[in-house]
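# Per-entry structural report
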Amino acid sequence: MLQSTKMVAIATVTIVIVLHIAGSNAAVPSSIKVCSRNDPDLNRCVTESVNDLRPRLASGKISDEFRIPPLEPLALSTVNMDRGAEFKATFSELLVSGPSKFKIDNLKVNIEKLIFDFNIFLPKLSFKGKYDLKIKLLLLNIAGVGDLTGIIENNHARVKLLCEKYTKDGQEYMRVKKLLVRIQIEKGRFDMKDLFRGDPVLSQAGNQFINENSRLFLDELTPGLERSLSDTFKATANEIMQQATFDEIFPA
């Protein structure tokens, strides 16, 4: 669940930034503001371009001809997390509300080294779906299968896209070589139905324990979450950027 909600934040801004830098390609609509690579204030221009697109992201309609999956609510498929015998979880049929409220700041673009570095902030994400987990938190073993709802607030992430050029069919293209993610979630609250095989007393106690120790719960999820996000959105960014040559993405 946390993987999915944080994934929304990274997906939203990563895809929008990649759409922006590919904005000179004819396949990308004019609603995406294109910035010259020679713009003396390129960081500001790209930030404004992303902000200009925000109203279109809730519905996913970038233009009449160009759409991305809608962000309100965002439907997510199955997410698996496995950190060994003491932490296994699967989250599915997820719907997440609030991702279109993202904000970015401190965006830095290095055209020569093809590096994009930025912060993301989402005030609040609410979600619902299904869960199947078996974890050990402190001395308590918690397990269950059922419905899930929750809220996480004040979500921050630092993202760095490290790109490189490559040659295909005699032309230069650009791809993401590495995508680095560092995340921080200030607080969260979760409600998992049917913990401990549906025992109502133990289920309530299990949810209470998780919420009272939410910092530990969040910290347990973070390392695997960061790795998963990096792999997932490296592939997403490359799928978009392979549609245009380097000169089309960054015209002189």
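Residues numbered from 1 in each chain as written. Predicted model: local features only at pLDDT ≥ 70, side-chain atom pairs only at ≥ 80, totals over all residues. Heavy atoms only, no water.

## Overview of the pairing of strand E3 (residues 87–97)
Pairing between strand E1 (residues 74–76) and E3: three bridges, direction antiparallel. Looking at E3, one finds that Ala75 is bridged to Leu95. The pairing of strand E2 (residues 79–82) with E3 spans four bridges and is antiparallel. Residue pairing in the sheet places Asn80 in a bridge with Thr90 of E3. Linking two consecutive strands that pair antiparallel, namely E2 and E3, is a turn of four residues; a positive phi of about 100 degrees is found at Gly84 within it. (Pairing = 2+ DSSP bridges. Helix = DSSP H or I, 4+ residues; strand = E, 2+ residues; numbered from the N terminus.)

## Describing helix H3 (residues 200–212)
For H3, with 13 residues, the first-to-last C-alpha span of 18 Å sits near the 18 Å given by 1.5 Å per residue. Along H3, the residues that are buried comprise Ser203, Gly206, Asn207, Ile210 and Asn211. Take H3 and look down its axis: the buried residues cluster within an arc of 130 degrees, on one side only. Of the residues in H3, the exposed ones pointing more than 90 degrees away from the buried face are Val201, Gln204 and Glu212. (Expected span 1.5 Å × (residues − 1). Buried < 20%, exposed > 50% of the residue type's maximum accessible area, 1.4 Å probe, protein only. Arc of directions from axis to C-beta.)

## Observations concerning the nonpolar core
Grouped together as the largest cluster of nonpolar side chains are 54 residues, with contacts concentrated most on Cys163, Phe190, Met192 and Phe217. When residues of this core are traced back to their parent elements, those giving at least two are helix H2 (42–57), E1, E3, strand E4 (103–110), strand E5 (115–137), strand E6 (140–168), strand E7 (171–192) and helix H4 (214–241). It is E5 that contributes the most residues to this core, ten residues altogether. (Core = buried A, V, L, I, M, F, W, Y, C linked by side-chain atoms within 4.5 Å.)

## Brief notes about the environment of Lys165
Tracing the backbone shows Lys165 in strand E6. Each C-alpha atom of the pair Lys165 and Val176 lies 8.9 Å from the other, and the pair is eleven residues apart in sequence. Beyond its immediate chain neighbours, meaning those up to four positions away, Lys165 contacts Leu114, Glu172, Tyr173, Met174 and Phe246. (Contact = heavy atoms within 4.5 Å.)

## Here's the deal with the environment of Lys193
Within the secondary structure, Lys193 is located in the loop between E7 and H3. Here Lys193 falls in the partly exposed class, since its relative accessible area comes to 44%. The spatial distance from the C-alpha of Lys193 to the C-alpha of Gly144 is 8.0 Å, given a sequence separation of 49 residues. For Lys193, the side chain forms a polar contact with the side chain of Asp191, separated by 3.1 Å. (Polar contact = N/O pair within 3.5 Å; in protein donor to acceptor, adjacent residues only side chain to side chain.)

## What about the packing of aromatic side chains?
This model, assessed by the stated rule, comprises one aromatic pair. Of note, Lys168 hangs over the ring of Tyr173, and the distance from its end group to the ring centre comes to 4.6 Å. Cation over ring: Arg175 sits above Tyr166, and NZ or CZ is 4.3 Å from the ring centre. (Phe/Tyr/Trp six-rings, centres within 6.5 Å; stacked < 30°, edge-to-face > 60°. Lys NZ or Arg CZ within 6 Å of the ring centre and 35° of its normal.)

## Remarks on the confidence of the model for the protein
Do not read the predicted coordinates in detail wherever pLDDT is low. Residues at a pLDDT of 70 or more form 80% of the protein, whose mean pLDDT is 78. Per-element mean pLDDT across the protein ranges from 49 in helix H1 (residues 2–21) up to 91 in H3. Note that pLDDT drops below 50 for residues 1–9; the model gives that stretch 42 contacts with residues more than four away or on any other chain. (pLDDT = per-residue confidence, 0-100.)

## Digging into the pairing of E7
Alignment of E6 against E7, held across 20 bridges, turns out to be antiparallel. Across the sheet, the residue bridging to Tyr166 is Tyr173, located in E7. Counting the residues between successive antiparallel strands, the hairpin from E6 to E7 contains two residues, one of them, Asp169, with a positive phi of roughly 55 degrees.

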